[in-house]
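If you want the building blocks of each chain, they are given just below.
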Amino acid sequence: MGYLEDMLVRNGVIYRSPDGSSSYIEGSLVSNTLVVRDSSGWVTHRIERASNGVDLVIRNVKTGLVETRVRI
């Protein structure tokens, strides 16, 4: 997940804290998508395939809005 993880760090979706806590990408068995979890284990974002079938969208779980789109 190198490219995807690097892009999410640059956009502030995944963070690396100096105290060692960080958010991370994890596969979700329930919805067959990738999710971003914070250091407490709460899901903050969902990574889904866009409607065009090519791009990925990063959706904020609280608001339901798409925060960024990744061309793959």
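Cut-offs and rules
- Residues numbered from 1 in each chain as written.
- Predicted model: local features only at pLDDT ≥ 70, side-chain atom pairs only at ≥ 80, totals over all residues.
- Heavy atoms only, no water.
- Helix = DSSP H or I, 4+ residues; strand = E, 2+ residues; numbered from the N terminus.
- Contact = heavy atoms within 4.5 Å.
- Pairing = 2+ DSSP bridges.

**Describing the environment of Thr68**
Along the chain, Thr68 turns up in strand β5 (residues 66-70). The sequence separation of Thr68 and Val57 amounts to eleven residues, and the corresponding C-alpha distance is 6.0 Å. Those residues in contact with Thr68, other than ones at most four positions away along the chain, are Met7, Asn11, Leu56, Val57 and Ile58.

**Here we look at the pairing of β5**
Note: strand β4 (residues 56-60) against β5, four bridges, orientation antiparallel. Among the inter-strand pairings, Arg59 is bridged to a residue of β5, identified as Val66. Between the antiparallel neighbours β4 and β5 lie five residues, among them Gly64 with a positive phi of about 80°.

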